[in-house]
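An overview of the molecular structure
Listed below are the residues making up each chain.
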Amino acid sequence: MAPSPTGLLHIGGVHTFLFNWLFARGREGECLLRIENTDTSREVAESVEQIQRSLTWLGIDWDGPVTFQLDAMDRCRTLARELLAEGRAYEDEGAIRFRMPDEGVTGWNDVVRGRIEVPNAELEDLVIVRADGRPTYNFASPVEDMDDAITHVIRGDDHISNTPKQIQVLQALGHEPPAYAHLGSLLGPDGKKLSKRHGAVGIGEFRQAGYISEALVNFLALIGWAPDGETTVISRDEIVARFRLEDVSPSPGTFDYAKLDWLNGVYLRALEPREYADRLVLWVGEHGLDWPAERVHAAAPLVQEKIARLAEFPAFAGFLFGDVEPDPAELDGRTLDAAAAALGDVEPWSTEAIEARLKELCEELGEKPRTVYAPIRVAVTGSRVSPGLYESLELLGREATLERLRRGVEVAAS
């Protein structure tokens, strides 16, 4: 991976690394994490740390230490001098260029795309070592592939143009090239290359938005690959067991945010209640909300069936942790005054007792529940959309509920 100057690991890079990981793990192979930093201006230490943190959060591991292409500079320079001595390379204004053949074609059987051939006449003589002594990507990468005994290179289709150059380099070094597989690009819903204009693209942004790693991995695995024509919810272990590189489509894949929301909701609802509550507490803490863990745990059952992302929790249940500002246009003073009087002596203060008393109130007022409950919900929660009304009032407590109803009467009259 090339470290990004912005420190954000792009979702496209994760998609590519995931397919590498799935392929390796399903065949008892090794998956290596190499930082491709031949361009020192792009090397940012924080970015490298962020790459590792993001992959770890997703549950995507790698074998051995993280390596850096710049660490292989001496090795590359030595090999470049050997090519120079053999006449396979030549000096050009202080740099060393690899001499490409003029005739024939360079081809490979791409595992995803089938046979690809490029006329050698179209391949320019490649700079392999710059004048300042730093190797270029298209030299350092195949050298590392050779030294690491890489069997399969799985990468984005933007690298197709690099592949014939790297094959020529490896053959000149006397090494059999690995198998290459080039994945389709990730596109936004509008059919254009996925970018910030479509929404979140950095892994940190997805985590902040309240997506959970299991859902994101499931979603990414099914972009460009499918175990069959029907499965949409599939565990990580099953993905590893069923993944076949030959089944990957060469076509670009669409990153459907709506589908990701749906899938994330499926995963959230499937969590055990305690696990779900723990995830909420962790998300709340990571985002600087000083809300008591006990109260978050208590609120969790109210929202587990309601929200698709953890980030929706504050807007959905924030009324339990602070004051609200109801829209006066949504309030009805007569109903709120009657509700405050009706609920004042409810005993015990429980979901069941609150439900029974509010239903009695509807009969007393001669109104349907939706007419009576709407202004109560807005006065108490600040929104027309909230968890179950009875459960919300119980958790909020009698004192806070009555206080908000009375304040609602005042707001409605103002």
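All chains use their own residue numbering, which begins from 1 and follows the written sequence. Local features in this predicted model are restricted to residues of pLDDT 70 or higher, and side-chain atom pairs are both shown and tallied only at a pLDDT of 80 or more, whereas totals for entire chains, interfaces and linings draw on every residue. The side-chain values count all of the structure's non-hydrogen atoms but skip hydrogen atoms and water molecules.

**Regarding the overall build of the protein**
A run of H or I in DSSP becomes a helix once it reaches four residues, and a run of E becomes a strand once it reaches two; helices and strands are each numbered from the N terminus. In terms of regular secondary structure, the protein is built from 17 helices and 11 strands. Its C-alpha atoms give the protein a radius of gyration of 30 Å, more than 25% over the compact-globule value 22 Å for 414 residues. For the C-alpha atoms alone, the extent of the protein along its principal axes is close to 100 × 45 × 35 Å. Residue exposure (1.4 Å probe, protein chains only): buried if accessible area is under 20% of the type maximum, exposed if over 50%, otherwise partly exposed. Residues counted as buried form 50% of the 414 residues belonging to the protein. Per-residue and other accessible areas were derived by the Shrake-Rupley procedure at a 1.4 Å probe size, with only the shown protein chains allowed to occlude residues. Summed over all atoms, the accessible surface of the protein reaches about 19,400 Å², with 48% contributed by carbon and sulfur. For the purpose of counting charges, residues Lys and Arg are taken to be positive, whereas Asp and Glu are taken to be negative. His and the chain ends are not included. We put the charge of a Lys on NZ, of an Arg on CZ, of an Asp on CG and of a Glu on CD. On the protein, the mean spot of the 43 positive side-chain charges and the mean spot of the 69 negative ones are 2 Å from each other. Values of the radius of gyration come from C-alpha atoms, whereas the globule rule sets the reference at 2.2 Å times the count of residues to the power 0.38.

**Comments concerning the sheet that holds strand 4 (residues 95-98)**
Whenever strands of a sheet pair, they do so through backbone hydrogen bonds, lying parallel or antiparallel. Strand order in this open sheet of 3 strands is 3-4-7, and the pairing throughout is antiparallel. At either margin of the open sheet sits one strand with a lone partner, and together these are strand 3 (89-92) and strand 7 (126-129). Direction aside, neighbouring strands of the sheet carry axes that sit 45 degrees apart on average. Examined bridge by bridge, strand 3 and strand 4 share 4 bridges and lie antiparallel to one another. Each residue of the ladder has a partner; that of E91, found in strand 4, is I96. Two strands pair under a simple rule: DSSP has to find at least two bridges between them. Axis definition: a line fitted to C-alpha atoms, over the contacting stretch in the case of helices. Angles run 0 to 180 degrees between N-to-C directions.

**A word on helix 14 (residues 351-365)**
Multiplying 1.5 Å by the helix residue count minus one yields the expected span of that helix. End to end, helix 14 covers 21 Å across 15 residues, agreeing with the expected 21 Å (1.5 Å per residue, within 8%). Buried residues of helix 14: T351, A353, I354, R357, L358, L361, C362 and L365, and no others. Note on contacts: a residue pair qualifies if any of its non-hydrogen atoms lie within 4.5 Å across the two residues. Those residues of helix 14 hidden inside the fold are in contact with helix 13 (333-343), helix 15 (369-381) and helix 16 (389-396).

**What to know about the packing of helix 3 (residues 73-85) against helix 4 (residues 137-147)**
Between helix 3 and helix 4, whose axes approach to 10 Å, the crossing angle comes to 100 degrees. Considered as vectors, helix 3 and helix 4 are oriented roughly perpendicular to each other. Of the residues in helix 4, those in contact with R75, C76, L79, A80 and L83 of helix 3 are F139, A140, V143, M146 and D147. Residues are grouped as follows: Ala, Val, Leu, Ile, Met, Phe, Trp, Tyr, Cys and Pro are nonpolar; Asp, Glu, Lys and Arg are charged; all remaining types, including Gly, are polar. Within the contact of helix 3 with helix 4, the residues separate by chemical class into 8 nonpolar, no polar and 2 charged. Should an angle lie under 35 degrees it is considered roughly parallel, over 145 roughly antiparallel, and from 65 to 115 roughly perpendicular; all remaining angles are considered oblique.

**What about the packing of aromatic side chains?**
For Phe, Tyr and Trp, rings pair up if their centres lie within 6.5 Å, where Trp contributes its six-membered ring, and each pair is then called stacked (planes under 30 degrees apart), edge-to-face (over 60) or tilted (otherwise). Throughout the structure, instances matching the rule amount to 11 aromatic pairs. Ring centres of F313 and F321 lie 6.0 Å apart, and the angle between their planes is 65 degrees; on these two criteria the pair is classed as edge-to-face. Given a relative accessible area of 0%, F313 falls into the buried group. Residue classification places F321 among the buried positions, given a relative accessible area of 18%. Following the ring pairs from residue to residue traces out a cluster consisting of F206, Y211, F219, F255 and Y257.

**Some thoughts on the pairing of strand 6 (residues 114-119)**
Sheet topology places strand 5 (residues 105-110) next to strand 6; 6 bridges connect them, and they run antiparallel. Paired with T106 across the two strands is V118, which belongs to strand 6. Linking two consecutive strands that pair antiparallel, namely strand 5 and strand 6, is a turn of 3 residues.

**Quick word on helix 15**
Its 13 residues give helix 15 an end-to-end C-alpha distance of 17 Å, which sits within 8% of 18 Å, the value for a rise of 1.5 Å per residue. The set of residues buried in helix 15 consists of V372, Y373, P375, I376, R377, V378, A379, V380 and T381. Where helix 15 is buried, its residues touch helix 13, helix 14, helix 16 and helix 17 (398-413). G382 occupies a position one or two residues after helix 15 and carries a positive phi of about 85 degrees.

**Quick notes on the environment of R398**
The residue R398 is located in helix 17 in this model. Here R398 is in contact with L343, G344, D345, V346, E347 and W349, once residues within four sequence places are set aside.

**Quick notes on the pattern of salt bridges**
Side chains bearing opposite charge may pair, as long as their charged atoms lie close to each other. We define a salt bridge as a contact between a side-chain nitrogen of Lys or Arg and a carboxyl oxygen of Asp or Glu at a distance within 4 Å. A full pass over the atoms with the stated rule returns 28 salt bridges. The partner of D63 in a salt bridge is R25, with the nearest N and O atoms 3.0 Å apart. On the criterion of sequence distance, the pair formed by D63 in the loop between helix 2 (45-58) and strand 2 (67-68) and R25 in helix 1 (residues 11-25) is long-range, its members being 38 residues apart. Classification of D63 by relative accessible area gives partly exposed; the value is 23%. In this structure, E286 and R207 form a salt bridge, with 2.9 Å as the shortest nitrogen-oxygen distance. Remark: R207 occurs in helix 6 (residues 203-208) and E286 occurs in helix 10 (residues 273-286); sequence separation between them is 79 residues. Judged by its relative accessible area of 39%, E286 falls in the partly exposed class.

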